[in-house]
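Structural characterization, general
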Amino acid sequence: MIRVRPVYFSMKIISKLKASIGCIIATLGVSCTSTTVDEFRQGATSIEGDESVVILGRRQASDFETKSDFVECVGERMGEGENAISVIPEREFIDAMFPWFEPRTAPLRAGDLEQLLAEDVVAQKMNEFGIKYMVWVEGFTETTGRTGSISCTVGPGGGGCFGFGTWEDDANFDARVWDVTSLKNVGTINTDATGQSYLPALVVPIPLIARVETNACNRLAAQLKDFVNGE
Amino acid sequence: MRLKIKTQFLWSKVLALLLVASLMGSCGVSNLVIEGSFPTPNINKIPLSMAIFYDDALREFSYMEYSETGREEINIESGESHIRLFNAVLPAMFEEVIEIEGMDDPIIQEVDAVFSPTIEEFQLALPEKTKLDVYEVWIKYNMRIVDRSGNSLADWVVTSYGKTPTATFLSVEDGINEAAIVALRDLASSFSLNFSQIPEVQDWLNTL
């Protein structure tokens, strides 16, 4: 008797787990993301093997700032796979160029680069890095339409949550590409990713998050890679 | 059965104790020492020999943030980080930099001027109060340069600003620290790039 009960119990758990996994997979299909990429080209582009690109986040706005994680993600994706591009990490570049690329001192227009490169120390560092294109990324992810509620209780015998929550995430990012040689803006790429996230809770909350920022990052990086390679 | 009830009772006591301890902990003042490193500026050096004097008010500078009910919430100590910042910036700005312990130090007679920064105001904005998704820090400084005899050569105000976005796993202390480091870097950039353009400094440099 004593040996049978644990087997029956674990069978019950397994069948519950199977049902839960089925539910999760079914819901995951719903919490998808849609991404739109727009490209506006203003000049011809190409890059050689010994040249590199730097991707920088804009941080001048008063109420938001471009997350460094997103900028890092775009840089990493551009440096991977076919036609990979050498990308200088943002922090390494900003520290090496200190204090010329801080939020208050960074150039706002491609034309401002001329004045900046007139400084010997800046021009020398830029040559050392071998930078052909400077990409300025600006944007943020906004969460809207939060609905539903979840209540959790904890007692001496255990605890649990019950309820349902949902919200929509919208990641909108612009990338402006500056040619460091011609000192001109050669193009702009806009990425907009939206997705609905769900948080059902039946004893344990199961977050089903729409990965809008990851999708925006992947699509923006792929488009930027093609853009810089002149495709 | 009796053993099970006893164990459950013990667990509930432990949980209650933990709850009380965490509530008591949340009532205290948290102390935050600003930590961070600063890169050396890439700028052309000014051919000057400058003495730097950090007074005790700067060395021991701290700011207390109060809750909306007037309770002491977070004590932010930023004196040491300011000294680390100036020690990274000034040697890149001037040909020679010497730190002095007081205005009566005899080494003053060997330098062109003495630089003495002070913090006039420190302000903090937390997301829970502003309802914005950023931590913000403002700092107002008074920069003073005096000659070997202690006469004022230049005296001007510099303000710096830093912000950092909120993130899922970022604690309040880490958010404030990051915003303060951005503000200190902002000070370094505006001070080092605008130093020669301050009218009083320009007038003084023209006399050398």
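Remember, it's a predicted structure, so these values are computed and weren't measured experimentally. (Residues numbered from 1 in each chain as written. Chains lettered and ligands numbered in written order. Predicted model: local features only at pLDDT ≥ 70, side-chain atom pairs only at ≥ 80, totals over all residues. Heavy atoms only, no water.)

1. Remarks on the confidence of the model for chain B
The predicted coordinates ought not to be read in detail in places where the model reports low pLDDT. Applicable threshold: By definition, pLDDT measures how confident the predictor is in each residue, and it falls between 0 and 100.
Taken residue by residue, chain B gives an average pLDDT of 88. The fraction at 70 or more is 87%. At the level of chain-chain contacts, confidence expressed as ipTM amounts to 0.80, with global pTM at 0.81.

2. Describing the pattern of salt bridges
Residues and elements named next belong to chain A. Put simply, the rule is: Salt-bridge detection follows one rule: a side-chain nitrogen of Lys or Arg within 4 Å of a carboxyl oxygen of Asp or Glu. Working definition: helices are DSSP H or I runs of at least four residues, strands are E runs of at least two. Numbering for both runs from the N terminus. Each residue is assigned to one of three classes by its accessible area relative to the maximum for its type, calculated with a 1.4 Å probe on protein chains only: buried under 20%, partly exposed between the two thresholds, exposed over 50%.
In this structure the tally under the stated criterion is 16 salt bridges over all chains. One salt bridge connects E90 with R59, and the closest N-O pair in it is separated by 2.8 Å. In this pair, E90 is assigned in helix α3 (residues 90-96) and R59 in the loop between β2 (52-57) and α2 (68-78), connecting sequence segments 31 residues apart. Summarising the burial analysis for this pair, E90 and R59 share the class buried. Notably, a salt bridge pairs R77 with E80, separated by 4.0 Å at the nearest N-O pair.

3. Some details on the packing of aromatic side chains
Spelled out, the test is: Here is the rule: rings of Phe, Tyr and Trp (six-membered ring for Trp) pair when centre to centre is within 6.5 Å. Planes less than 30 degrees apart are stacked, more than 60 are edge-to-face, and the remainder are tilted.
Evaluated as defined, the whole model comprises 17 aromatic pairs over all chains. Taken together, a centroid distance of 5.8 Å and an interplanar angle of 55° make the contact between W136 of chain A and W178 of chain A tilted. One end of the pair, W136 of chain A, is in strand β4 (residues 131-155); the other, W178 of chain A, is in strand β5 (residues 158-179), with 42 residues separating them in the sequence. The pair W136 of chain A / W178 of chain A is uniform in exposure class, with both members buried. Residues F86 of chain B and F191 of chain B carry aromatic rings whose centres are separated by 6.3 Å and whose planes lie at 90° to one another, so their mutual orientation is edge-to-face. On the criterion of sequence distance, the pair formed by F86 of chain B in helix α3 (residues 79-93) and F191 of chain B in helix α5 (residues 172-194) is long-range, its members being 105 residues apart. Overall, the relative accessible area of 2% leaves F86 of chain B in the buried class. In this structure F191 of chain B comes out as buried when scored by relative accessible area, which is 3%. Through a chain of ring-to-ring contacts, the aromatic side chains of Y54, F86, F94, F115, W156, F191 and F195 of chain B assemble into a single cluster.

4. Topic: the nonpolar core
What counts is decided by this rule: To qualify as a nonpolar core, a set must consist of buried Ala, Val, Leu, Ile, Met, Phe, Trp, Tyr and Cys residues joined through side-chain atoms within 4.5 Å. It only takes one pair of heavy atoms within 4.5 Å for two residues to be counted as in contact.
By size, the foremost hydrophobic cluster in this structure holds 74 residues, and its most contacted members are F93, F101 and M134 of chain A together with W156, F191 and F195 of chain B. For this core, the element with the highest residue contribution is α5 of chain B, accounting for 9 residues. Excluding residues within four positions of it along the chain, F191 of chain B makes contact with V89, L90, M93, F115, M143 and W156 of chain B. Among the nonpolar cores identified, the runner-up in size contains 29 residues, and I55, M78, V186 and V212 of chain A belong to it.

5. Points about the environment of V201 of chain B
All names here are of chain B. Along the chain, V201 turns up in helix α6 (residues 199-207). On the basis of relative accessible area, V201 is assigned to the buried category, the value being 0%. Not counting residues up to four positions away in its chain, the partners in contact with V201 are A154, W156, F195 and S196.

6. Topic: the pairing of β5 of chain A
All names here are of chain A. What counts here: Any two strands between which DSSP finds at least two bridges are classified as paired.
Sheet topology places β4 next to β5; 21 bridges connect them, and they run antiparallel. Within the sheet, the bridge partner assigned to V154 lies in β5 and is G159. Between β4 and β5, which pair antiparallel and follow one another directly, the connecting turn spans 2 residues. In the sheet, β5 pairs with strand β6 (residues 184-205) via 19 bridges, with the strands oriented antiparallel. When the bridges of β6 are listed, F162 appears paired with L202. Between the end of β5 and the start of β6, which pair antiparallel, lie 4 residues, with L183 showing a positive phi angle near 60°.

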